[in-house]
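Fold and contact review
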Amino acid sequence: AQSVTQPDIHITVSEGASLELRCNYSYGATPYLFWYVQSPGQGLQLLLKYFSGDTLVQGIKGFEAEFKRSQSSFNLRKPSVHWSDAAEYFCAVDLTGGGNKLTFGTGTQLKVEL
Amino acid sequence: NAGVTQTPKFQVLKTGQSMTLQCAQDMNHEYMSWYRQDPGMGLRLIHYSVGAGITDQGEVPNGYNVSRSTTEDFPLRLLSAAPSQTSVYFCASSLGGARGNTIYFGEGSWLTVV
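The text that follows walks through the structure, step by step, so that each part is easy to find. (Residues numbered from 1 in each chain as written. Chains lettered and ligands numbered in written order. Predicted model: local features only at pLDDT ≥ 70, side-chain atom pairs only at ≥ 80, totals over all residues. Heavy atoms only, no water.)

Attention now goes to the overall build of chain A. Broken down by element type, chain A carries 0 helices and 12 strands. Put simply, chain A runs from its N terminus to its C terminus through helices and strands in the order β-β-β-β-β-β-β-β-β-β-β-β. For 114 residues, the compact-globule formula gives about 13 Å, and the C-alpha radius of gyration of chain A, at 13 Å, lands near that figure. Classification of the 114 residues of chain A by burial places 47% in the buried group. Counting only carbon and sulfur atoms, one obtains 48% of the accessible surface of chain A, whose full area is about 5,200 Å². Here chain A carries 9 positive and 10 negative side-chain charges, and the mean point of each set is 5 Å from the other. (Helix = DSSP H or I, 4+ residues; strand = E, 2+ residues; numbered from the N terminus. Rg over C-alpha atoms; globule rule 2.2 N^0.38 Å. Buried < 20%, exposed > 50% of the residue type's maximum accessible area, 1.4 Å probe, protein only. Areas by Shrake-Rupley, 256 points an atom, 1.4 Å probe, with all protein chains shown as cover. Lys, Arg positive; Asp, Glu negative; His and termini not counted. Charge placed at Lys NZ, Arg CZ, Asp CG, Glu CD.)

Following this line, the structure appears as structure tokens:
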């Protein structure tokens, strides 16, 4: 069965520092990959997605992610973190592409120190 | 444009009671899904639908029932609520079919079963 692993449950970074959140998936073919962000008490907001083509994907809020097939990874990055980036981040995969069957990782809680 | 609308936002139930979480979308999306979110477990798929009259089970369907009589609505029914169903529930929709569709989430419904 497909699975998504986010190894880091909690990450703390200083404001202005760079950020990388890890995501690994387990599936034979290339899935459709997503990163979502969730602020406390809120719903999910899509940061970016990868379906094919350029393996470096740009998203909203200055985030980017790189798909590495050889490592089965889709890590999320941001060059300079802002205090407002504090939230929980979820990596997700979709095998069908239609968007009705997402498998999520367990999430990474990001804390930003001022 | 309302997007995906969930009601109620908060609900407290007693064990054994039944209730329905409502989900409606105004984007003419074919695909709709229900997820539950529990601490440390990310989001897990409960049920999904690829069109009116068509539903199927996801990862954690037990204790839940769904139907899809119209394209717009996808209600989730708890038949006999249990404390284990205390969770945050998210409805999602997408165009479906073609690949690369964006998945839209509702703002969530917080359910407590006592």
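As a further point, take the layout of surface pockets. Its volume calculated, the largest pocket comes out at about 220 Å³. Contributing to the lining of the largest pocket are 13 residues, with Thr103 and Phe104 of chain A together with Leu43, Arg44 and Glu59 of chain B lying nearest its centre. Residue assignment for the lining of the largest pocket shows that the elements contributing at least two residues are strand E11 (102–104) of chain A together with strand E5 (42–51) of chain B. Residue composition of the lining of the largest pocket, grouped by class: 5 nonpolar, 5 polar and 3 charged. (1 Å grid on protein atoms, 1.4 Å probe; cavity = no way out; pocket = protein on both sides within 12 Å on 5 of 7 lines; lining within 4 Å. Points joined across faces, edges and corners; volume = space filled by probe spheres on them. Nonpolar A, V, L, I, M, F, W, Y, C, P; charged D, E, K, R; others polar.)

Residue and element names in this part refer to chain B. Strand order in this open sheet of 4 strands is E1-E3-E8-E7, and the pairing throughout is antiparallel. Pairing within the sheet leaves two strands with one partner each, and these edge strands are strand E1 (4–7) and strand E7 (64–66). Ignoring strand direction, the axes of neighbouring strands in this sheet form an average angle of 20 degrees. (Pairing = 2+ DSSP bridges. Axes fitted to C-alpha atoms, helices over the stretch in contact; angles between N-to-C directions.)

Quick look at the pattern of salt bridges now. Applying the stated rule across the entire model yields 7 salt bridges over all chains. The closest approach of N and O atoms between Lys9 of chain B and Glu107 of chain B, which form a salt bridge, is 3.8 Å. Residue Lys9 of chain B is found in the loop between E1 and strand E2 (10–13), and its partner Glu107 of chain B is found in the loop between strand E10 (104–105) and strand E11 (109–113); the two are separated by 98 residues along the sequence. With a shortest N-O distance of 2.9 Å, Asp38 of chain B and Arg36 of chain B are connected by a salt bridge. Take Arg36 of chain B: its relative accessible area is 8%, and that puts it in the buried class. Here the salt bridges share partners, and the residues they tie into one network are Glu64, Glu66 and Arg77 of chain A. (Salt bridge = Lys/Arg side-chain N within 4 Å of Asp/Glu carboxyl O.)

Taken together, the contact between chain A and chain B spans 22 residues of the former and 25 residues of the latter. Here chain A is connected to chain B by 0 salt bridges. On the surface where chain A and chain B come into contact, there are 4 residue pairs in polar contact (both at pLDDT 80 or more). The biggest single contributor to the side of chain A that touches chain B is strand E5 (residues 32–38) of chain A, with 4 residues. A class-by-class count of the residues in the side of chain A that touches chain B yields 9 nonpolar, 11 polar and 2 charged. (Contact = heavy atoms within 4.5 Å. Polar contact = N/O pair within 3.5 Å; in protein donor to acceptor, adjacent residues only side chain to side chain.)

The next point concerns the environment of Leu76 of chain B. Relative to the assigned elements, Leu76 of chain B resides in strand E8 (residues 76–78). A sequence separation of 47 residues divides Leu76 of chain B from His29 of chain B, and the C-alpha atoms of the two residues are 17 Å apart.

A few words on the state of the cysteines. Under the defined criterion, the tally for this structure stands at 2 disulfides over all chains. Between Cys23 of chain A and Cys91 of chain A runs a disulfide, and the two sulfur atoms are separated by 1.9 Å. For the disulfide bridge between Cys23 of chain A and Cys91 of chain A, the dihedral angle about the S-S bond is near -65 degrees, and by the sign convention the bridge is left-handed. Taken as a pair, Cys23 of chain A in the loop between strand E3 (19–21) and strand E4 (24–26) and Cys91 of chain A in strand E10 (residues 87–94) lie far apart in primary sequence, 68 residues in all. Summarising the burial analysis for this pair, Cys23 of chain A and Cys91 of chain A share the class buried. Residue pairing for Cys23 of chain B: its cysteine sulfur links by disulfide to Cys91 of chain B, the two sulfurs lying 1.9 Å apart. (Disulfide = S-S within 2.5 Å.)

Residues and elements named next belong to chain B. Within strand E4 (residues 31–38), 8 of the 8 residues are buried, which leaves it mostly tucked inside the rest of the structure. Neither face of E4 is left uncovered, since the one carrying Tyr31, Ser33, Tyr35 and Gln37 and the one carrying Met32, Trp34, Arg36 and Asp38 both have all their residues buried. Summarising the sheet, E4 and strand E9 (residues 87–94) pair through 7 bridges and their orientation is antiparallel. Within E9, the residue paired with Trp34 across the bridge is Cys91. Two strands pair when backbone bridges link them, and E4 and E5 are joined in this way by 7 bridges, in the antiparallel orientation. Across the sheet, residue Met32 finds its bridge partner in E5, namely Ser49. Here E4 hands over to E5 after 3 residues, with Gly40 in that stretch at a positive phi of 75 degrees.

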